[in-house]
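Secondary and tertiary structure notes
Read off the chains here:
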Amino acid sequence: MHITWSTFFIQLAAFLILFLLLKRYAFGPLLGIMEQRKELIQGQLDNAENSRNQAAQHLEEQKQALQQARKEAYDIIEQAKATSSKQADDIIVTAKTEASRLKDDAVKDIESEKNKAIAALRGEVGGMSVKIASKIIEKQIDEKSQEQLVNQYLKEVGSK
Amino acid sequence: MDHIFPVVHKWGIEFDLAAIFMIIVTSIIVLVLALVSVRGMSVDKPTKMQNFLEWVIEFVINIIGTTMDFKKGKPYLILGLSLIMYIFVGNMLGLPFGIATEVHHGATIFGMELDLGGESEAHVAWWKSPTADVAVTAALTVIVILLTHIEGMRRNTKHYFKHYFEPYVPFLPLNLIKEVSKPLSLALRLYGNIFAGEVMIGVIVSGLGWVGIIPLVVWQGFSVFVGAIQAFVFVMLTMVYMSQSIVHEEKH
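Quick notes on the rules
Chains are numbered independently. Their residues run from 1 in the order of the written sequence. Think of it this way: whatever chain is written first is A, whatever ligand is written first is 1, and the rest follow in order. pLDDT decides what is reported in this predicted model: residues at 70 or higher carry local features, side-chain atom pairs at 80 or more are listed and counted, and totals for whole chains, interfaces and linings draw on all residues regardless. Excluded from the side-chain calculation are hydrogens and water; included are all heavy atoms of the structure. Under the scheme used here, helices are H or I runs from DSSP no shorter than 4 residues and strands are E runs no shorter than 2 residues, and both carry numbers assigned from the N terminus. A 1.4 Å probe rolled over the protein chains alone gives each residue an accessible area, and that area as a share of the maximum for its type sets the label: buried under 20%, exposed over 50%, partly exposed in between. Throughout, the Shrake-Rupley method with a 1.4 Å probe supplies accessible areas, and for residues the shown protein chains are the sole cover considered. The contact criterion used throughout is that any non-hydrogen atoms of two residues lie within 4.5 Å. Computed with a 1.4 Å rolling probe, the buried area is the accessible surface lost when two parts are put together, summed over both parts. Each reported salt bridge corresponds to a side-chain nitrogen of Lys or Arg within 4 Å of a carboxyl oxygen of Asp or Glu. N or O atoms within 3.5 Å of each other form a polar contact, as long as, within protein, one can give a hydrogen and the other can take it, and as long as residues adjacent in sequence are counted only when both atoms are side-chain atoms. Two aromatic rings from Phe, Tyr or Trp, using only the six-membered ring of Trp, form a pair when their centres are within 6.5 Å; if the ring planes differ by under 30 degrees the pair is stacked, by over 60 it is edge-to-face, and anything between is tilted. Ring-over charges, as used throughout, are those where CZ of Arg or NZ of Lys falls within 6 Å of the ring centre and within 35 degrees of the ring normal.

Looking only at helices and strands, chain A features two helices and zero strands. Counting over 160 residues, chain A shows a buried share of 11%. As displayed, chain A has an accessible area near 13300 Å², and 60% of this comes from carbon and sulfur atoms.

Okay, the interface of chain B and chain A next. At the interface, 42 residues of chain B touch 30 residues of chain A. Together, the buried faces of chain B and chain A total about 3200 Å²; carbon and sulfur atoms form 82% of this surface. One can count one salt bridge joining chain B with chain A. A salt bridge links Glu-54 of chain B to Arg-37 of chain A, with the nearest nitrogen and oxygen atoms 2.7 Å apart. Applying the counting criterion to the chain B and chain A interface returns two residue pairs in polar contact (both at pLDDT 80 or more). Elements represented by at least two residues in the side of chain B that touches chain A include exactly strand 3 (13–16), helix 1 (17–38), helix 2 (48–67), helix 4 (77–93), helix 5 (134–155) and helix 7 (172–208) of chain B.

Glancing now at the pattern of salt bridges. Residue and element names in this part refer to chain A. Applying the stated criterion across every chain, the model contains seven salt bridges over all chains. For Glu-98, the salt bridge goes to Arg-101, with nearest N and O atoms at 3.0 Å. Here the residue Glu-98 and the residue Arg-101 both occupy positions in helix 1 (residues 5–140), the gap between them amounting to three residues, near one helical turn. Measuring nitrogen to oxygen at the nearest pair gives 4.0 Å for the salt bridge that ties Glu-113 to Lys-116. Here Lys-116 and Glu-113 lie together in helix 1, a separation of three residues that amounts to about one turn. Shared partners join several salt bridges into a network, and the residues in it are Glu-98, Arg-101 and Asp-105.

Taken as a whole and judged by the stated rule, the model has seven aromatic pairs over all chains. Taking 5.0 Å as the distance between ring centres and 90° as the angle between the ring planes, the aromatic pair formed by Phe-8 of chain A and Phe-9 of chain A counts as edge-to-face. Considering the side-chain rings of Trp-55 of chain B and Phe-59 of chain B, the 5.8 Å spacing of their centres and the 25° angle between planes classify their relative orientation as stacked. You can see Trp-55 of chain B and its partner Phe-59 of chain B sitting in helix 2, four residues apart, about one turn around the helix. In this structure an aromatic cluster arises from ring pairing among Trp-55, Phe-59 and Phe-232 of chain B. Sitting over the face of the ring of Tyr-25 of chain A, Arg-24 of chain A holds its NZ or CZ atom 5.0 Å from the ring centroid.

Turning to the side chain of Glu-151 of chain B, a few remarks are in order. Residues and elements named next belong to chain B. Topologically, Glu-151 is positioned in helix 5. For Glu-151, the side chain forms a polar contact with the side chain of Arg-154, separated by 3.0 Å. Apart from the residues within four sequence positions on either side, Glu-151 is in contact with Tyr-76, Asn-156, Met-242, Ser-245 and Ile-246.

Given below as structure tokens:
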């Protein structure tokens, strides 16, 4: 085996020059680019993570809002139900009051009508009984007593 | 006739022109590949070539990650990338074809006389894998091993000097042998694999002629595999040695 020393040293120098040139013009910049890409991807991953968290947060908020809306709707319905049943009760109460009032009025009317009728009837009965009595009397009493009677009536009428 | 490499002498130093040429070619290919890949690079819309280079980076990151904590190994990422691309491209270059010229005694190149090793006529091979030259792999290894020692001393000082005497002081020679064997095995493994692959290609081509096309294709396919594996192994071992040197294992 024969070593050509000139080749040895030339190779030494050539490789060092090659190394420096590659480092300066090729690998240095390329490694920088790769580093930048790494950072870019890292940044994008972080971004994605943030977006995901935000989305989850928004979803949670939406859920809460929905829950809130449901609760409000339920409350409103409950309130409406309560109002309506109260109104119904009121109406019924009013109706009852009205009905009883009407009934009372009717009873009063009936009473007064009855009283009137009784009064009228009494007058009628009085007149009729007078007539009947006068008819009966007319037949039984003679002219003398009749005259006496007429006079008595006339007297009564005149004193009045 | 065997192929020889175009060797010239200048200022009393021996130069292997083919090796130098291939070192330059490989460096330029790696550099152009990398520069084309990062041209028009962007964070969110990577081009195909950018994706390819990023895949290579991920690959080396994984290699580092299997040997040590990546935070500690990050400074060696670009070293590993340069190594794996250079060695892989180098390993591949010798496979598809060869360029050989027939020269006679007294031929010159760039005004310098070719050393034909005393022969009057020879085939000179101009194209080969740079990693099929032991000087090249040795240079890469020296860079790596020196760096592991320097980083060990710098980042793990106490443990670095202590580990030569572990578990007991008499183990110092064994530990020294271990330190020497690391670069040797690293350099020779790569060199041996690639050189053997090229020798085998040469044998098939010159020995079998046209009949050798099928075994040649098979062997070249295998060599692609070997070349990729060797590039991977070289970087893997680099990172293993580095982690051994800088990471202080806590004893429980």
